[in-house]
Each structure stands twice: as structure tokens, then as C-alpha cells.
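As a plain string of letters, each chain reads:
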Amino acid sequence: MSEPNAPRDADARALSQALREQEQQVPVLDVSEAVQQRLQAETRDNGVVYVLVQVLLLGALLGAAAWYFWH
């Protein structure tokens, strides 16, 4: 009576084997390289020019808000 289950078992084993092979083929991401690139990008953004632009934008926003409320 176990004969009807034999094709299903074979299919399950074949599927399991195919999934294992697929997992082995998936490239592993280099996290350390991605982190280094992110740190370099953030270091560039933290320069003096970036801070000055942020201060100017904040000043412009506060100036516009003050002008709007007092006029």
C-alpha cells in the first residue's frame, strides 16, 4: 500500500534536492564592503559645507515662518 506514496516521496526528495542546490548557488553579499561604502558616503556628507547648507536652510525656514506669522 505504500506504492501510491512512492511517487510523492520521490517528488519531495527531488524538490528538496533542487532547493538545496539553489541555495548553494545564491551569492553571499559582502556586508563589510557595503558598510564601508555607506560610511564613506556619510563621511562625505558630514563636511563643513553640508553643515553650513543645513544651517542656512533652517535659518530660511525660521525666517519664512516668522515673516508669515507677523505679516
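Residues numbered from 1 in each chain as written. Predicted model: local features only at pLDDT ≥ 70, side-chain atom pairs only at ≥ 80, totals over all residues. Heavy atoms only, no water.

A.B. asks: Would you take a moment to explain the overall build of the chain for this structure?
C.D. replies: Along the chain, the regular secondary structure elements total three helices and zero strands. The linear arrangement of helices and strands in the chain, starting from the amino end, is α-α-α. With 71 residues in all, the chain has 0% of them scored as buried. For the chain, the computed accessible surface area is about 7,000 Å², with 63% contributed by carbon and sulfur atoms. (Helix = DSSP H or I, 4+ residues; strand = E, 2+ residues; numbered from the N terminus. Buried < 20%, exposed > 50% of the residue type's maximum accessible area, 1.4 Å probe, protein only. Areas by Shrake-Rupley, 256 points an atom, 1.4 Å probe, with all protein chains shown as cover.)

A.B. asks: For this particular structure, what's the right way to read the confidence of the model for the chain?
C.D. replies: Keep in mind that low pLDDT regions are not for reading the predicted coordinates in detail. Averaged over the chain, the pLDDT score is 80; the fraction of residues at 70 or greater is 80%. The lowest-confidence element of the chain is helix H2 (residues 31–45), averaging 76 in pLDDT; the highest-confidence one is helix H3 (residues 48–70), averaging 90. (pLDDT = per-residue confidence, 0-100.)

A.B. asks: What should I look at first to understand a nonpolar patch on the surface in this one?
C.D. replies: The grouping of Val31, Val35 and Leu39 at the surface amounts to a nonpolar patch, some 270 Å² of accessible area in total. Looking at where Val31 falls in the secondary structure, it is placed in helix H2. Residue classification places Val31 among the exposed residues on the basis of a relative accessible area of 56%. (Patch = residues over 30% accessible without salt bridge, like charges linked within 9 Å, V, L, I, M, F, W, Y side chains within 5 Å. Salt bridge = Lys/Arg side-chain N within 4 Å of Asp/Glu carboxyl O.)

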